[in-house]
Amino acid sequence: MLQIRQTAVVLDGGFYTVIVIKPDVFESEIVDERHFGTYEETELFKLNMALNHRDLVCVVCEFREV
């Protein structure tokens, strides 16, 4: 049985979004988008994607309160 782990993103002045893209010659595709409360969680997810999926590219966006 598949277990889904849900965690709340605590916004403490901002958050991070990772957009996972599968590039292609004719049409690239966004395959996933995740939100994280800390930079460490973001980098861990990005590293995990890079090690397990060589055909995907991760873009990290940081959103802060002004």
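Residues numbered from 1 in each chain as written. Predicted model: local features only at pLDDT ≥ 70, side-chain atom pairs only at ≥ 80, totals over all residues. Heavy atoms only, no water.

### Looking at the pairing of strand S1 (residues 14-22)
Part 1 of the reasoning: In this structure, S1 lies alongside strand S3 (residues 57-64), joined through 8 bridges in antiparallel fashion. By the bridge assignment for S3, Phe-15 is matched with Phe-63.
Part 2 of the reasoning: The pairing of S1 with strand S2 (residues 29-36) spans 7 bridges and is classified as antiparallel. The residue of S2 that forms the bridge with Lys-22 is Glu-29.
Part 3 of the reasoning: Between S1 and S2, which pair antiparallel in sequence order, lie 6 residues. (Pairing = 2+ DSSP bridges. Helix = DSSP H or I, 4+ residues; strand = E, 2+ residues; numbered from the N terminus.)

### Details of the nonpolar core
Part 1 of the reasoning: Membership of the largest hydrophobic core is limited to 7 residues, which are Val-18, Val-20, Phe-36, Phe-45, Met-49, Leu-56 and Cys-58.
Part 2 of the reasoning: Looking at this core, the elements with two or more residues in it are S1 and helix H1 (39-52). (Core = buried A, V, L, I, M, F, W, Y, C linked by side-chain atoms within 4.5 Å. Buried < 20%, exposed > 50% of the residue type's maximum accessible area, 1.4 Å probe, protein only.)

### Observations regarding the pattern of salt bridges
Part 1 of the reasoning: Applying the stated criterion across every chain yields a total of 3 salt bridges.
Part 2 of the reasoning: Two residues, Asp-55 and Lys-22, come together in a salt bridge whose shortest N-O distance is 3.9 Å. Pair noted here: Asp-55 is in the loop between H1 and S3 and Lys-22 is in strand S1, with a separation of 33 residues, a long-range link.
Part 3 of the reasoning: In this structure Asp-55 comes out as partly exposed when scored by relative accessible area, which is 42%. (Salt bridge = Lys/Arg side-chain N within 4 Å of Asp/Glu carboxyl O.)

### Observations concerning the confidence of the model for the protein chain
Part 1 of the reasoning: When the pLDDT values of the protein chain are averaged, the result is 85; 82% of them are 70 or greater.
Part 2 of the reasoning: Taking the mean pLDDT of every element in the protein chain, the minimum, 91, falls on S3 and the maximum, 94, on S2. (pLDDT = per-residue confidence, 0-100.)

### Side note on the packing of aromatic side chains
Part 1 of the reasoning: Inspection of every chain in the model, using the stated rule, returns 3 aromatic pairs.
Part 2 of the reasoning: With a centroid separation of 5.1 Å and an interplanar angle of 25°, the aromatic rings of Phe-15 and Phe-63 are classed as stacked. Of this pair, Phe-15 sits in strand S1 while Phe-63 sits in strand S3, placing them 48 residues apart in sequence. (Phe/Tyr/Trp six-rings, centres within 6.5 Å; stacked < 30°, edge-to-face > 60°.)

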